[in-house]
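Overview (structure and organization)
Residues per chain are reported as follows:
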Amino acid sequence: MTKPPLTLHLAAPRGFCAGVDRAIKIVEMALQKWGAPVYVRHEIVHNKFVVDGLRAKGAVFVEELDECPDDRPVIFSAHGVPKSVPANAARREMIYVDATCPLVSKVHVEAQRHSDNGLQMIMIGHKGHPETIGTMGQLPEGEVLLVETVEDVATVQVRNPDQLAFVTQTTLSVDDTKDIIAALEERFPKIVGPHKEDICYATTNRQEAVKAVAPKADALLVVGAPNSSNSRRLVEVASRAGCNYAQLVQRATDIDWRALEGISSIAITAGASAPEVLVNEVIEAFGDHYDVTVALVETAVENVEFKVPRVLRQPA
């Protein structure tokens, strides 16, 4: 039986960003340097396939530092941690390696600088997300106020409307954040923003690629984890860009083939913590069902690379 034809629009950039690449490399290098087990506080990145792969090599994933023994190295995830976490590790004389993405660290430095200048911070982010917890934890309780929506801006209670600054989670939707920033600036005309946008280059690039590819396809799949903020934002961006069916899938086994019946084109992208092997798995699955023609839709070329911490480049 002949397979129906299908044009598969492959978005680029997609998948791993430099911060995720660095975080995974940090765990692998720590295992090489100190041997197993190496402890990791929280998922190093939000992807089950990646976490399971590192667990198989000897990484032990825990939620809190008190689950780690004093005599084994611990790594802090790419999302960043409150200041209290490395302080506790240092007090316990633990070997620790901070895998916080440098672009998240930049937001931490910004928040501290504004606070040192007497400004109260407003953070645009998702409540409970590890990055939000980490950024808010850079300053004492009450110094960082969280807003998630334009509606939140109307009700947030500040100490002094003339002494405010804002930062944002790095993995948000560029379009959503724009509306929240506009609302903040309207309510608090003297609020100070970042010198350069906090939303990271990789998040922005993946969203722009989705905007370019979504109108070309009958459906769009984002390869990524349900707890990955940037992956979920890509689904939302695709829907707004005119794609009638946009879904998040972790693996090829999650594809809902019945929902895709009758399509002649599909777009595929991946969140910043999804490895390319999972994208290839999805493409191969479509090859089993359709006569696939792959068309690359590239909107930017990324060549960013972040160095791993010095401790991992030194001999044991």
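First, a word on scope: everything that follows refers to the structure included in this document. (Residues numbered from 1 in each chain as written. Predicted model: local features only at pLDDT ≥ 70, side-chain atom pairs only at ≥ 80, totals over all residues. Heavy atoms only, no water.)

**Focus: the sheet that holds strand β5 (residues 96-98)**
On the basis of which strands lie adjacent, the open sheet formed by four strands has the order β3-β2-β4-β5 and parallel pairing. The two strands at the open ends of the sheet, each matched to only one other strand, are β3 (59-62) and β5. Neighbour-to-neighbour, the strand axes of the sheet open up by a mean angle of 25°, direction not taken into account. Bridge count for strand β2 (residues 38-41) against strand β4 (residues 74-76) is three bridges, and the pairing is parallel. (Pairing = 2+ DSSP bridges. Helix = DSSP H or I, 4+ residues; strand = E, 2+ residues; numbered from the N terminus. Axes fitted to C-alpha atoms, helices over the stretch in contact; angles between N-to-C directions.)

**Digging into the side chain of His79**
Along the chain, His79 falls in the loop between β4 and α3 (84-91). For His79, the contacting residues outside a window of four places in its chain are Glu43, Ile44, Val45, His46, Val104, His129, Pro130 and Glu131. (Contact = heavy atoms within 4.5 Å.)

**Topic: the pattern of salt bridges**
Applying the stated criterion to the full structure yields 16 salt bridges. Residue Arg41 is joined to Glu64 by a salt bridge in which the shortest nitrogen-to-oxygen separation is 3.1 Å. With a gap of 23 residues between them, Arg41 in strand β2 and Glu64 in the loop between β3 and β4 connect regions that are remote in the sequence. Residue classification places Glu64 among the partly exposed residues on the basis of a relative accessible area of 37%. (Salt bridge = Lys/Arg side-chain N within 4 Å of Asp/Glu carboxyl O. Buried < 20%, exposed > 50% of the residue type's maximum accessible area, 1.4 Å probe, protein only.)

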